[in-house]
Structures are given as structure tokens and as C-alpha cells.
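Descriptive analysis of the structure
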Amino acid sequence: MVDLSGIKHIYIFPGITDMRLGIYGLRKRLLESEGEIRADSIYLFCGKSKNQIKMIQTNEQSIWLYQNKLVKGRFAWPEKGEKTDLSNEQLLMILNCMSLISEIENKGKKYSMY
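Residues numbered from 1 in each chain as written. Predicted model: local features only at pLDDT ≥ 70, side-chain atom pairs only at ≥ 80, totals over all residues. Heavy atoms only, no water.

With that out of the way, let us pick up the sheet that holds strand β2 (residues 41–46). Judged by pairing direction, the sheet is mixed, and its 5 strands sit side by side in the order β4-β3-β2-β1-β5 without closing on themselves. In this open sheet, the two strands that pair with only one neighbour each are β4 (63–69) and β5 (84–86). Mean inter-strand twist for the sheet, computed between neighbouring axes without regard to direction, equals 25°. With 3 bridges joining them, strand β1 (residues 9–12) and β5 adopt antiparallel strand pairing. Counted as the bridge partner of tyrosine 11 is aspartate 85 from β5. The strands touched by helix α2 (residues 88–95) are β1, β2, β3 (52–58), β4 and β5; relative to β5, the strand with the most contacts, the crossing angle is about 95°. (Pairing = 2+ DSSP bridges. Helix = DSSP H or I, 4+ residues; strand = E, 2+ residues; numbered from the N terminus. Axes fitted to C-alpha atoms, helices over the stretch in contact; angles between N-to-C directions. Contact = heavy atoms within 4.5 Å.)

For lysine 54, the location among the structural elements is in strand β3. Summary of buried charges: lysine 54 has no salt-bridge partner, and the nearest side chain of opposite charge, aspartate 18, is 7.6 Å away. Separated by 2.6 Å, the side chain of lysine 54 and the backbone oxygen of leucine 21 make a polar contact. With sequence-adjacent residues up to four places away left out, lysine 54 is seen in contact with Met19, Leu21, Gly22, Leu26, Tyr43, Leu44, Phe45, Leu65, Tyr66 and Gln67. (Buried < 20%, exposed > 50% of the residue type's maximum accessible area, 1.4 Å probe, protein only. Lys, Arg positive; Asp, Glu negative; His and termini not counted. Salt bridge = Lys/Arg side-chain N within 4 Å of Asp/Glu carboxyl O. Polar contact = N/O pair within 3.5 Å; in protein donor to acceptor, adjacent residues only side chain to side chain.)

This brings us to unusual backbone geometry. Phi angles above zero are rare outside glycine, and aspartate 40 is one such case at about 60°. Mapped onto the fold, aspartate 40 is located in the loop between α1 (23–34) and β2. Owing to a relative accessible area of 18%, aspartate 40 belongs among the buried residues under this scheme. The phi torsion at lysine 50 lies on the positive side, around 60°, for a residue other than glycine. Note that lysine 50 resides in the loop between β2 and β3.

Attention now moves to the nonpolar core. Within the largest apolar cluster, 17 residues are counted, with the highest numbers of intra-cluster contacts made by Ile10, Ile42, Leu44, Ile53, Trp77 and Leu91. Elements that contribute at least two residues to this core include exactly β1, β2, β3 and α2. Dropping the residues within four chain positions of it, leucine 91 is found in contact with Leu4, Ile10, Ile42, Leu44 and Met55. One finds Tyr11, Leu26, Leu30 and Ile56 within the second-largest nonpolar core, a separate group that totals 8 residues. (Core = buried A, V, L, I, M, F, W, Y, C linked by side-chain atoms within 4.5 Å.)

Okay, here's the thing in C-alpha cells:
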């Protein structure tokens, strides 16, 4: 498992990512959407079939690419929403196939009684 002790930010990118992308393709996607890649951060992406997640971890010297592919089942992954900052506990929930979909897809929305 990844050591989360030095991680400052964890971001999830809802929606579908082309899982054929490697470290350079995912890095390019981050640069296009972020303008920069933050050190000591983790970025999460999921494919269409939702049976695999790719995770980029950054530090001052390098970029790491991890892949988690399920043999059975699917990850509970939000299909819509904006990039969202997660806690360490939420990251572990996702990696253990627990759902945070409603929290991510509805982040920032105001609810009305009527």
C-alpha cells in the first residue's frame, strides 16, 4: 500500500479516463486541467468499466504511477462532478471499493426544501 504520511493533497477526477494512458498521458491530462502538478499529492483516475484505478503520486523528485485492477467487481466511481479533494480515509474507502459517489457528485450543490 502507498505511504500516505507525506501526502498533502488527494484528488479524484470523476468521469471516465482512458486507461490506455500511461504516466505521460495522465501527466499531460493533469497539466491541461491543472496548469501544474503539485508535489506530495495523489491523483486518482478510473476507466469506463470501473474495474481499474490508476493513481499518480508525486513528490519533489519523481512521479509514481500505480494501478489497481479488480478481478471481480467494480469500484464505486462518480460519473460526474468536478475534481475533488479527498481525505486519507476517503482514499482508503475508494481503494476498498466503498462508495463516496453521492458526496462527490453533489459537492457544492445547495439543497432546497421545496
